[in-house]
Amino acid sequence: MPRDVSTPAGARAVTAVAPAKINLHLGVGDLRADGFHDLLTVYRAVDLWERVTVALVDGDDADDDEVVVTGPGADQVPTDRTNLAARAVDLLRSEAGTDARLSIRIVKGVPVAGGMAGGSADAAAALVATDRLLGLGLGRAALEERAARLGSDVPFCIRGGTALGTGRGETLAPLLHARAEQHLVVALADDGLSTPVVFAELDRLRAEPGGARELPRAGGVEPLVEALAGDDPARVAGVLANDLEPAALSLMPALRRTLRAGAEAGALRGMVSGSGPTCLFFCADREQAIAVAAEVSETGVAREVRLTRGPVAGAHVIDNPQQTPEQ
């Protein structure tokens, strides 16, 4: 028998936010028998946010809970139960033993299909909001365990900050010393790239004659971890790595023009974000980031250019839906 829903202080809706992620280091192992790849990555949460409100809905005039998505790229996001935030809500609702109807409102702030884990951030925010709404009282570790059932990036979107990821990326170890602020420019492409397609392209490139020898490998994370302990953005920029970049460039050659525009604008380093097609430009400080953003924007190589910074906090509840997320 489903139990009655009890929410803290009679809450009828809870709003939570979760950040975008970037990969400062993304080492991709060879294809495994189970279809996955071992990953060695350094995640960083940056100041672009997904905002998710989960609310109790009175009445039973609809068969399915409502999922509404607004913001840039909203038309590309599913609004049925395959939506990752909806799956997160369903997971915790089942755990709570209730059949209460819960509506989901998502406001997009992370590029869709841009390699910055916007869908994973939706799931993370939905887990945090639903946990509070249903009074489950799950701690951070318990939320991360449930997050790992939904996707490899979701646990990090719960945690935030900077962390080492292993396995499929879901096993996390915090890098607590890596707190120096980092400024970067995000250049958004006109089209998206499917993460599975990019991984498949990397496998294809590595399987070509000589491909395994010629494609660069990210290697170990020790140089980056050491650089992050300091306060020298140029040193950090010099040891960034992304094994998926050659595959993203193979599938979308126009990204080479974007990377070249950032280099010519004076960025310390440009790279494809995760599986792409978003490009990142790492800068010495905010002033340089503003200048690089202006020059890249003027070239017309990107649909949109944004400034951001990191590290920032992971998923958390906000009391006011208009409140600024915690940094």
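The rules we used
Residues numbered from 1 in each chain as written. Predicted model: local features only at pLDDT ≥ 70, side-chain atom pairs only at ≥ 80, totals over all residues. Heavy atoms only, no water. Helix = DSSP H or I, 4+ residues; strand = E, 2+ residues; numbered from the N terminus. Rg over C-alpha atoms; globule rule 2.2 N^0.38 Å. Buried < 20%, exposed > 50% of the residue type's maximum accessible area, 1.4 Å probe, protein only. Contact = heavy atoms within 4.5 Å. Areas by Shrake-Rupley, 256 points an atom, 1.4 Å probe, with all protein chains shown as cover. Lys, Arg positive; Asp, Glu negative; His and termini not counted. Charge placed at Lys NZ, Arg CZ, Asp CG, Glu CD. Arc of directions from axis to C-beta. Axes fitted to C-alpha atoms, helices over the stretch in contact; angles between N-to-C directions. Parallel < 35°, antiparallel > 145°, perpendicular 65-115°, else oblique. Left-handed = near helix turned anticlockwise from the far one by under 90°. Nonpolar A, V, L, I, M, F, W, Y, C, P; charged D, E, K, R; others polar.

The secondary structure content of the protein amounts to 11 helices and 12 strands. Taken over C-alpha atoms, the radius of gyration comes to 20 Å for the protein, in line with the 20 Å a tight globule of 327 residues would show. Each principal axis of the C-alpha atoms in the protein carries an extent, and together these give about 60 × 45 × 35 Å. Within the protein, the fraction of its 327 residues that count as buried is 52%. Contacts spanning at least 24 positions in sequence make up 75% of the contacts within the protein whose residues lie at least 6 apart. Split by element, the accessible area of the protein, about 14,000 Å² in all, is 50% carbon and sulfur. Measuring between centres, the 32 positive side-chain charges of the protein sit 2 Å from its 45 negative side-chain charges.

Another aspect to go through is helix H3 (residues 140-150). When we look at burial in H3, the residues that qualify are Leu 143, Glu 144, Arg 146, Ala 147 and Leu 150. What you see down the axis of H3 is that its buried residues fit within an arc of 165 degrees, all on one side. Buried residues in H3 make contact with helix H1 (84-96), helix H2 (118-133), helix H4 (154-159) and strand S6 (171-174).

Let us look at the packing of H2 against H3. Packing of H2 against H3 brings their axes to within 10 Å, and their N-to-C directions diverge by 135 degrees. In terms of orientation, H2 lies oblique with respect to H3. The element H2 and its partner H3 pack so that their crossing is right-handed. Counted together, Ala 123, Leu 127, Val 128 and Asp 131 of H2 and Leu 143, Ala 147 and Leu 150 of H3 form the full contact between these two elements. Across the contact of H2 with H3, the residue classes tally to six nonpolar, no polar and one charged.

Turning next to the packing of H1 against H2. Where H1 meets H2, the closest approach of the two axes is 7 Å, and the angle between their N-to-C directions is 30 degrees. With respect to their mutual orientation, H1 and H2 come out roughly parallel. For H1 against H2, the interelement crossing comes out right-handed. Touching Leu 84, Ala 85, Ala 88, Val 89 and Leu 92 of H1 are Gly 119, Ser 120, Asp 122, Ala 123, Ala 126, Leu 127, Thr 130 and Asp 131, all from H2. Looking at the contact of H1 with H2, its residues break down into eight nonpolar, three polar and two charged.

Considering the arrangement of structural elements, one finds Met 116 in the loop between strand S4 (102-107) and H2. Accessibility expressed as a relative area gives 1% for Met 116, which makes it buried. Distance in space between the C-alpha atoms of Met 116 and Leu 48 is 9.4 Å, their sequence separation being 68 residues. Once you skip the residues sitting within four places of it in the chain, Met 116 turns out to touch Ala 20, Lys 21, Ile 22, Val 46, Leu 48, Val 110, Pro 111, Val 186, Ser 273, Thr 278 and Leu 280.

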